[in-house]
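Residue-level structural notes
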Amino acid sequence: MTNKLKLIAGNWKMNGGLVANEALVRAIAQGMAGASCTVAVCVPAPYLHQVNQLRAGTPIELGAQDVSRHEQGAFTGEVSAPMLREFGVRYAIVGHSERRQYHGETDELVAEKAKTALAHGVTPIVCVGETLAEREAGRTQDVVKRQLAAVIHTNGHCISEIVVAYEPVWAIGTGKTATPEQAQEVHALLRAQLKAATPHPERIHILYGGSMNAGNAAALLAQPDIDGGLIGGASLKAPDFLQIIAAASAAAK
Ligand code: PGA
């Protein structure tokens, strides 16, 4: 349906260290020579500077894992979009289920964060996804639609510049992946919802996340509406991450 490059984004979560980061970034850069997909690593804030330097001269894009809805001021502990830009950040994950769950982030807050990021040239990777209880209650569609609707409402026509990540909460870090068909069903729904807000929804990357790994990436990425992956655990191991990058490159051909 579209020949845009897939986007493979690693979400390191609260993992890493100066020594490990260097080895990982160097191995990814070396192993991805010739890849035909976009690759990003979303690293903990203290390491943005380090990884920005390590990635210099490589095709690796830099991402953050969160961003403040505010631009500056008395917000202890927060990191602003203009600060991220100073460190070469192109993407910021917003509304990850771990932030929604452990930090009480609401749909409205997530939408505001996406807006502030966009205003400063940082592409938000907006996460949506249902819990196991919501899926079992047949509420998957309602939940993801509600989460995306808030972002569309707040961002208007800028919606064409976001990245969406469908991450079923029950699949994150559990080793349980949505089947390609389950994921595609939700991705198609999200694409249809985006269509009401932008004339070219096919240009928006909709990533799948939740136990994507070297073994299941190719089948997931072969789905028509799966435009890449947001990878947690498997992004911390260079050989695994590189295999996912290879699968994304193969899917583009
Ligand atoms: P996982 O995490 O790949 O370890 O399941 C994905 C995510 O939470 O972004």
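Residues numbered from 1 in each chain as written. Predicted model: local features only at pLDDT ≥ 70, side-chain atom pairs only at ≥ 80, totals over all residues. Heavy atoms only, no water.

Take the packing of helix H7 (residues 140-155) against helix H8 (residues 180-195) next. In the contact formed by H7 and H8, the axes pass within 10 Å of each other and the chain directions differ by 35°. Here H7 and H8 pass one another in a crossing that is right-handed. Residues Thr140, Gln141, Val144, Lys145, Leu148, Ala149 and Ile152 of H7 form the contact with H8, whose own contacting residues are Glu185, Val186, Leu189, Leu190, Gln193 and Leu194. Across the contact of H7 with H8, the residue classes tally to eight nonpolar, three polar and two charged. (Axes fitted to C-alpha atoms, helices over the stretch in contact; angles between N-to-C directions. Helix = DSSP H or I, 4+ residues; strand = E, 2+ residues; numbered from the N terminus. Left-handed = near helix turned anticlockwise from the far one by under 90°. Contact = heavy atoms within 4.5 Å. Nonpolar A, V, L, I, M, F, W, Y, C, P; charged D, E, K, R; others polar.)

To continue, consider the state of the cysteines. On inspection of all chains with the given rule, the structure shows zero disulfides. Just so you know, Cys37 is unpaired, no disulfide at all, and the nearest cysteine sulfur is the one on Cys42, 14 Å from it. With relative accessibility at 0%, the residue Cys42 sits in the buried group. (Disulfide = S-S within 2.5 Å. Buried < 20%, exposed > 50% of the residue type's maximum accessible area, 1.4 Å probe, protein only.)

Moving on to the site of the ligand. Taken together, 13 residues lie near the ligand, and Lys13, His96, Glu167, Gly173 and Ser211 sit nearest. In the model, an oxygen atom of the ligand is placed 2.8 Å from a nitrogen or oxygen of the Gly232 main chain. Between the ligand and the protein, one listed contact pairs an oxygen atom with a backbone N or O atom of Gly233 at 2.9 Å. Burial of the ligand by the surrounding chains reaches 95%, relative to a free accessible area of 280 Å². Taken together, the residues of the shell around the ligand sort by class into four nonpolar, seven polar and two charged. (Near = heavy atom within 4 Å. Polar contact = N/O pair within 3.5 Å; in protein donor to acceptor, adjacent residues only side chain to side chain. Areas by Shrake-Rupley, 256 points an atom, 1.4 Å probe, with all protein chains shown as cover.)

With that settled, consider the packing of helix H1 (residues 18-31) against helix H10 (residues 238-251). The description of two packed helices rests on the angle between their axes and on the distance between the axes. Where H1 meets H10, the closest approach of the two axes is 10 Å, and the angle between their N-to-C directions is 35°. Seen along the crossing, H1 lies across H10 with a hand that is right-handed. Residues Leu24, Ala27, Ile28 and Gly31 of H1 pack against Ala238, Phe241, Leu242 and Ile245 of H10. Residue classes in the contact of H1 with H10 are distributed as seven nonpolar, one polar and no charged.

This part is about the side chain of Thr140. Among the secondary structure elements, Thr140 is positioned in helix H7. Relative accessible area serves as the criterion here: at 8%, Thr140 is assigned to the buried category. Residues contacting Thr140, with those up to four places away along its chain left out, are Glu130, Glu134, Arg135, Tyr166 and Val186.

The side chains of a regular strand alternate between the sheet's two faces. The buried fraction of strand S4 (residues 89-94) is high, at five of six residues. With three bridges joining them, strand S3 (residues 61-64) and S4 adopt parallel strand pairing. Directly across from Ala64, in S4, lies its bridge partner Ala92. Inspection of the sheet shows S4 paired to strand S5 (residues 123-128) by four bridges, in the parallel sense. The residue bridging Ala92 from the neighbouring strand is Pro124, located in S5. (Pairing = 2+ DSSP bridges.)

Before going further, it helps to examine the nonpolar core. Core analysis: the largest hydrophobic core is formed by 65 residues, its most contacted members being Ile8, Val164, Leu190, Tyr208 and Ile245. Broken down by element, the residue count for this core peaks at seven residues, all from H10. Setting aside its immediate chain neighbours within four residues, Ile8 contacts Cys37, Thr38, Val39, Ala40, Leu221, Gly228, Gly229, Ile231, Phe241, Ile244, Ile245 and Ala248. Judged by nonpolar contacts, the second largest core, of twelve residues, contains Cys42, Ile125, Val163 and Leu207. (Core = buried A, V, L, I, M, F, W, Y, C linked by side-chain atoms within 4.5 Å.)

Its location among the elements puts His187 in helix H8. The class for His187 is buried, based on a relative accessible area of 0%. When near neighbours in sequence (up to four residues on either side) are disregarded, His187 contacts Tyr166, Ile206, Leu207, Tyr208, Asp225 and Ile226.

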